[in-house]
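For reference, the chains in residue letters:
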Amino acid sequence: MRVAVVGAGPIGLACAWRLAQRDHAVTLHDDGAPGAWHAAAGMLAPVAEAAFGEHRLTDLLVASVRAWPAFAAQLGDVGFARSGSLLVGVTPADQAEIARYRSYQESLGLPVEALSADQLRQREPLLQPGVHAGAYTEIDAQVDPRRLVERLREACAKAGVAVAGAVHGLSDVDADVVVVAAGSGTAALTGLPIHPVRGEIVRLRGGPKLAHLIRGYVHGRHVYLVPRPNGEIVVGATSSEESDPRPTAGGVHELLSDAIALVPGVREAEFAEVSVGFRPATPDNLPIVDRVRRGLVVAAGHYRNGIALTPWTADRVVNLVEAQ
Ligand code: GLY
């Protein structure tokens, strides 16, 4: 089949790659603009990202994260690391929130264990001494989204994917099946309810050596730290409905002060980068990976979980395309 994939972030690239491996003639339409992936931390974190009432999303995340090791192995070095997550809180109220979360996660059958202050300190000695209790899960992992995109571009080129320019309307595209994987831009192309949720995220270098992803609550606010094997620490992320692509002093202040409240040694790190991304959100936070009509498949609306859900999405899109 002749398949056009619109959107060249990790989702579009992975769909194009998998479809080309199945001998479809694939053209990838790339508008050349970095998408949400360029800001993303790359958490593969069904537990750290499990939210109350979102058990269907958690099931998808668990399935996709299980597929990640084999997916990464086929691509080469994408920075895949099984870091595990620590869930920690600063104030007694934050710590109570962690305990509530842990009970919810246990009720979903997720592998999460409570840790005493001593156990926490053994796992992560650089945590602030006031962090008394928390939880640990081994299943959370990470990749580097920028490396992932590089490897996927190489894999697409090797598999024979042709690259073309941006698409302004679906009538521009000549193919048997069109797959729209254009993140927040999918709304304008398809009319589906996908809207951008802005996030700011910072990258630090040369800071404390952390062994785990850290998902924290600090005075009721969420923050996460993703320590890369190369020493980078990604601290994220704000969340707002604004549309301004410029980073703000307030966003950076919030992220750094919350990170320092959890790990005081973050003060010594070099400030490397602040970036802004727009998460493609849906009304129920579930991605839309479906056939819309004959010849049109959508793979978008991954909200906070585009990187984690990439392998699952690519496999589902191959099935949807071949079932046309
Ligand atoms: N996946 C984390 C975020 O969207 O901030």
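Per chain, residues are indexed from 1 in the order of the written sequence. Per-residue local features are limited, in this predicted model, to residues with pLDDT of at least 70; the limit for side-chain atom pairs, both in listing and counting, is 80 or more; totals at the level of whole chains, interfaces and linings are taken over all residues. Only heavy atoms go into the side-chain values, all of them from the structure, while hydrogens and water stay out.

Overview of the pattern of salt bridges
Here, a salt bridge means any side-chain nitrogen of Lys or Arg that lies within 4 Å of a carboxyl oxygen of Asp or Glu. This model, assessed by the stated rule, comprises 20 salt bridges. When the shortest N-O distance is used, the salt bridge between Arg228 and Asp144 registers 4.0 Å. Taken together, the residues span a long stretch of sequence, with Arg228 in the loop between strand 12 (221-227) and strand 13 (233-236) and Asp144 in the loop between strand 7 (141-142) and helix 5 (145-159) at a distance of 84 residues. Residue Asp144 is classed as buried on the basis of its relative accessible area of 12%. Its salt-bridge partner being Arg198, residue Glu200 comes within 2.8 Å of it at the nearest N-O pair. Take Glu200 and Arg198: they sit in the same class, and that class is buried. When salt bridges with common partners are traced through the structure, they connect Asp144, Arg203, Arg228 and Glu232 into a single cluster. Helix and strand labels come from DSSP, where a helix needs a run of H or I of at least four residues and a strand needs a run of E of at least two; each type is numbered from the N terminus. A simple rule labels every residue: compare its accessible area, found with a 1.4 Å probe on the protein chains alone, to the largest value its type can have, and call it buried under 20%, exposed over 50%, or partly exposed in between.

Observations regarding the nonpolar core
Considering soluble globular proteins, one finds that nonpolar side chains tend to be buried as a cluster. Of all hydrophobic cores here, the largest spans 47 residues; its most connected members are Leu19, Trp68 and Val317. Counting residues per element, the ones that place at least two in this core are strand 1 (2-6), helix 1 (10-21), strand 2 (25-29), helix 2 (55-75), helix 5, strand 9 (177-180), strand 16 (296-300) and helix 8 (310-322). Contact between two residues is taken to exist if any of their heavy atoms lie within 4.5 Å; hydrogens are not considered. In this structure, Trp68 is in contact with Leu44, Val78, Phe80, Val143, Leu148, Ile307, Ala308, Thr310 and Pro311, ignoring residues within four places of it in sequence. Among buried residues, those of type Ala, Val, Leu, Ile, Met, Phe, Trp, Tyr and Cys that are joined through side-chain atoms within 4.5 Å constitute a nonpolar core. In this structure, Val90, Leu204, Val218 and Val252 belong to the second largest nonpolar core, which totals 25 residues.

Remarks on the site of the ligand
Contacts to the ligand come from Glu49, Tyr224, Ala237, Arg279 and Arg304. One of the side-chain N or O atoms of Tyr224 is found 2.7 Å from an oxygen atom in the ligand. One nitrogen or oxygen atom from the main chain of Arg304 is found 2.7 Å from a nitrogen atom belonging to the ligand. The fraction of the free accessible surface of the ligand (200 Å²) that becomes covered by protein chains is 87%. Side-chain classes follow a simple rule in which Ala, Val, Leu, Ile, Met, Phe, Trp, Tyr, Cys and Pro form the nonpolar group, Asp, Glu, Lys and Arg form the charged group, and the remainder, Gly included, forms the polar group. In terms of residue class, the shell around the ligand is made up of 2 nonpolar, no polar and 3 charged. When at least one non-hydrogen atom of a residue lies within 4 Å of a molecule or strand, that residue is treated as near it. We call two N or O atoms a polar contact when they sit within 3.5 Å, provided that within protein one can donate a hydrogen and the other can accept it, with sequence-adjacent residues counted only if both atoms are side-chain atoms. Under the convention used here, a 1.4 Å probe and the Shrake-Rupley method define accessible areas, while residue burial counts only the protein chains that appear.

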